[in-house]
Amino acid sequence: MHVTPIPHASRRWLPITRADVAIFTAMALWLVPFALAIMHHQPGERPAGWREWLLAAALHLPFLAILSFLMFGLIERFDYFRIAARPPCPGNLPPRTPKVCVQLPMFNEDAVAERVITAACALDWPRASLVVHSTDAATRLKVRAFCEEIAARTGVDCRWMHRTDRKGYKAGALEAARHQTDAEYFAIFDADFVPPSDFLTRAIPHFYDITGNPVADLAVVQAQWGHLNDRESFLTCAQALWVDDHHTLQKTWRSGVIGFVNFTGTAGVWRREAIEAAGGWRAASLVEDCELSMRALFAGYRTRFVGTIVAPAELPSTIAAYRSQQKRWTQGWAQLERLHMRTLLTRYQTPFVRRLYLAYFAGICWQWFLWTVWIMVLPFLIATGLWLGALGMELAVAAYVFPPLFFAVLAGMIAANESRPTYAQQGRNGWRARLLRMARVVPYMILNTGMMPHHFCAFIEGMFGPLHAEFVRTPKTASTGAAGTSKAQRPKARIKDPAYLKFELFFCLTLIAWAGFFIQAEQAFAAFWSLWILACVVGLRAAPALSALLAKDAAHAR
């Protein structure tokens, strides 16, 4: 399969893709509400008749959709405790130990290659039934030499594989390596993970029942992501809360109730037969892991999450790396929807309630589009009196502020308390440690707010751009959160797509205009929230430059 990279848009000023056209069309359309508000009646005036009430209801549709996402999320988190009380039980291995291939897909991972290969070769599994595949590109000579050295030292069949091109990117590497072994199971780890030695002995038994017979319809066992550097910075703290919430709470519920969680690309084990039945790995979407999971679902397989198996990993430690990762995930999820939503809604045979939840799962990336649209529409509603605040400020706070704030705080509190297995080996499960984990909800909310326009652009690009887009890896530095542990130079923040920067600039200028309008109109509530969102977006965009400046000053001081 030939993959054509996206043209390098930074060399052109005019938009050249459908995604660029969609972004700039949205910018043009959002100028209309501001102009209408200026010409309309005074802020705070109530709607005069049924036509205005009907318009108000129509313009509240994005927020009603947001509330539906929050409702599904609350169901997951409130019902989590019932499901967590019945954790999945592993079976017993058959007399003949199944052969497992550990795949370590890498591309230019010089900083972390040796660490993950060492951890993979230290897995507690019979040497004759364990194969380790390591793939790499620019650092191939170093990685190859280390693979040969550790194979001779440990007795593990550790093979280095190198492709002469990047066709299919990560999915292409996994698919090519799959045909080089007859292993029954594939354990996959990204380069920034450090799997514990007992990972396979705890994960593989889930593919068997108590009598040692295969559970034929189980395709994947997904483990919990742990953290190597969650206390390193504001950024890693916020990410750690999101991972704890998504894995510990959401995946536990989804696994126990609907029998399906998407493979997250790493820290999981695939059954070979399930990969083959689904058609193998392919790079149709930037989230190749989720895309294969959906095809396995349609092929009749279940997937399982086991939160007590924890594989620590390095969180992106720079804003540039985090933006790159989130762009790939959001864009890829939108591509996934284009590929499989129609099949899910019309051809996949499953009960209606399960189909409804799977549709929520597959369409989760819409939340960024909806939030961005709502942020741009709400000021117009306030300025023209078409919002609930026209009936009383208390009603506005209860309707607009309380639901998302309550959701974020509740999710943060439950995740901080229930993610104990993630921090058990570090001895960080005391009440002080849990309180600190709860406090992560503040940077979590700031980060998500600041990333909103970035996610919006990635969603638009996923919906209107090419499916076979370029896979941009997330840089790793081998950081463990302690001073001096990073083995690689941190990547510099570079703007590779000017359309994203232009939209963020437009988004910020719109917020400034609305803030000025509301300050003049003495609408403190609206002015505050406009400035709050503006501060989050500008602060996140300025953070890399500020960090670089502080680092430069510190270097000069030394």
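Before any of the text, the structure's been laid out above.
All values reported here derive from a predicted model rather than from experimental measurement.

A.B. asks: Can you walk me through the overall build of the protein in this structure?
C.D. replies: Looking only at helices and strands, the protein features 22 helices and seven strands. The buried share of the protein, reckoned over its 558 residues, is 56%. Within the protein, residue pairs in contact and separated by at least 24 positions form 82% of the contacts whose partners lie at least 6 positions apart.

A.B. asks: Explain the nonpolar core to me, please; I cannot follow it from the model alone.
C.D. replies: Generally speaking, soluble globular proteins have nonpolar side chains that are buried together. In this structure, Trp 333, Trp 374, Leu 381, Trp 387, Tyr 400, Phe 507 and Phe 518 are the most contacted members of the largest nonpolar core, which totals 69 residues. Ranked by residues supplied to this core, first place goes to helix α15 (residues 366-384) with 12 residues. Apart from residues no more than four positions distant in its own chain, Phe 518 is found in contact with Pro 379, Ile 382, Ala 383, Gln 523, Ala 526, Ala 527 and Ser 530. Val 116, Phe 199, Ala 203 and Val 221 belong to the second-largest nonpolar core, a separate cluster that totals 48 residues.

A.B. asks: Would you mind going over the side chain of His 246 with me for this structure?
C.D. replies: By the element assignment, His 246 lies in helix α10 (residues 234-257). Judged by relative accessible area, His 246 falls into the buried class, the value being 12%. With near-sequence residues (within four places) excluded, His 246 lies in contact with Lys 251 and Arg 254.

A.B. asks: How do you make sense of unusual backbone geometry when you look at a structure like this?
C.D. replies: Peptide bonds are trans in most cases, and residues, glycine excluded, mostly fall at negative phi. You will see that Ala 267, though not glycine, has its phi angle at about 60°, which is positive. With a phi close to 60°, Glu 522 is a non-glycine residue in the positive phi region. You can call Glu 522 exposed: its relative accessible area is 72%.

A.B. asks: Could you clarify how one ought to interpret the environment of Gly 265 in this entry?
C.D. replies: On the secondary structure map, Gly 265 appears in the loop between α10 and β6 (268-271). Along the sequence, Gly 265 and Ile 188 sit 77 residues apart, while their C-alpha atoms lie 7.3 Å from each other. Setting aside anything within four residues of it in sequence, one finds Gly 265 in contact with Lys 170, Ile 188, Asp 190 and Asp 289.

A.B. asks: What am I meant to see in a nonpolar patch on the surface here?
C.D. replies: Taken together, Trp 53, Leu 391 and Leu 395 make up a surface patch of nonpolar side chains, about 260 Å² in accessible area. Its place among the elements puts Leu 395 in helix α16 (residues 393-418). Under the relative-accessibility criterion, Leu 395 is labelled partly exposed at 37%.

A.B. asks: Just to check I follow, could you spell out the packing of aromatic side chains for this structure?
C.D. replies: Describing an aromatic ring pair means giving the distance of the ring centres and the angle of the ring planes. With the rule as written, the count across this model stands at 34 aromatic pairs. An angle of 40° between the planes, with centres 5.5 Å apart, marks the rings of Phe 369 and Phe 459 as tilted. Residue Phe 369 is found in helix α15, and its partner Phe 459 is found in helix α20 (residues 452-464); the two are separated by 90 residues along the sequence. Accessibility expressed as a relative area gives 2% for Phe 459, which makes it buried. Taken together through their ring pairs, the aromatic side chains of Trp 366, Phe 369, Phe 456, Phe 459, Phe 503 and Phe 507 make up a single cluster.

A.B. asks: What is the right way to read helix α13 (residues 319-347) from this model?
C.D. replies: Three- or four-residue spacings in an α-helix give side chains the same orientation, since the helix completes a turn every 3.6 residues. Its 29 residues give α13 an end-to-end C-alpha distance of 41 Å, which sits within 8% of 42 Å, the value for a rise of 1.5 Å per residue. Bending of α13 peaks at approximately 50° at the position of His 340.

A.B. asks: Mind showing me how you'd approach α10 here?
C.D. replies: Compared with the 34 Å implied by 1.5 Å per residue over 24 residues, the 34 Å span of α10 between its first and last C-alpha is a close match. Of all the bends found along α10, the most pronounced is centred on Gln 250 and spans about 30°. Of all 24 residues that make up α10, 19 are buried, and the element is covered over most of its length. Looking one or two residues past α10, Gly 259 carries a phi angle of roughly 70°, positive in sign.

A.B. asks: Quick question: what am I supposed to make of the packing of helix α4 (residues 61-78) against helix α14 (residues 352-362) here?
C.D. replies: To describe two helices that pack against each other, one gives the angle between their axes and the distance between the axes. Axis separation between α4 and α14 bottoms out at 11 Å; the angle between their running directions is 110°. The orientation of α4 relative to α14 falls into the category roughly perpendicular. With respect to the hand of their crossing, α4 and α14 are arranged in left-handed fashion. Within the contact between the two elements, α4 uses Phe 69, Phe 72, Gly 73 and Glu 76 and α14 uses Leu 356, Tyr 357 and Tyr 360.

A.B. asks: How do you make sense of the sheet that holds strand β5 (residues 218-225) when you look at a structure like this?
C.D. replies: Paired through backbone hydrogen bonds, the strands of a sheet run either parallel or antiparallel to each other. Strand order in the open sheet made by the seven strands is β3-β2-β1-β4-β6-β5-β7, with mixed pairing throughout. The sheet is open, and its two edges are formed by β3 (157-161) and β7 (302-311), each paired on a single side. Adjacent strand axes in the sheet meet at a mean angle of 20° when their direction is disregarded. Sheet topology places strand β1 (residues 100-105) next to strand β2 (residues 130-135); six bridges connect them, and they run parallel. Across the sheet, Val 102 pairs through a bridge with Val 132, a residue of β2. With respect to the sheet, α10 is in contact with β5 and β7, its orientation differing from that of β5 by roughly 150°.

A.B. asks: Explain the pairing of strand β4 (residues 185-188) here, please?
C.D. replies: Both faces of the sheet carry side chains from a regular strand, because those side chains alternate between them. Neither face of β4 is exposed, since Tyr 185 and Ala 187 on one face and Phe 186 and Ile 188 on the opposite face are all buried. Note: β1 against β4, four bridges, orientation parallel. Within β4, the position partnered with Val 100 by the bridge is Tyr 185. Alignment of β4 against β6, held across four bridges, turns out to be antiparallel. Paired with Tyr 185 across the bridge in β6 is Arg 271.

Here is what the cut-offs are and how they apply
- Residues numbered from 1 in each chain as written.
- Predicted model: local features only at pLDDT ≥ 70, side-chain atom pairs only at ≥ 80, totals over all residues.
- Heavy atoms only, no water.
- Helix = DSSP H or I, 4+ residues; strand = E, 2+ residues; numbered from the N terminus.
- Buried < 20%, exposed > 50% of the residue type's maximum accessible area, 1.4 Å probe, protein only.
- Contact = heavy atoms within 4.5 Å.
- Core = buried A, V, L, I, M, F, W, Y, C linked by side-chain atoms within 4.5 Å.
- Patch = residues over 30% accessible without salt bridge, like charges linked within 9 Å, V, L, I, M, F, W, Y side chains within 5 Å.
- Areas by Shrake-Rupley, 256 points an atom, 1.4 Å probe, with all protein chains shown as cover.
- Salt bridge = Lys/Arg side-chain N within 4 Å of Asp/Glu carboxyl O.
- Phe/Tyr/Trp six-rings, centres within 6.5 Å; stacked < 30°, edge-to-face > 60°.
- Expected span 1.5 Å × (residues − 1).
- Bend = angle between axes of the 7 residues up to and from the residue.
- Axes fitted to C-alpha atoms, helices over the stretch in contact; angles between N-to-C directions.
- Parallel < 35°, antiparallel > 145°, perpendicular 65-115°, else oblique.
- Left-handed = near helix turned anticlockwise from the far one by under 90°.
- Pairing = 2+ DSSP bridges.

Keep in mind these values describe shape, not function.
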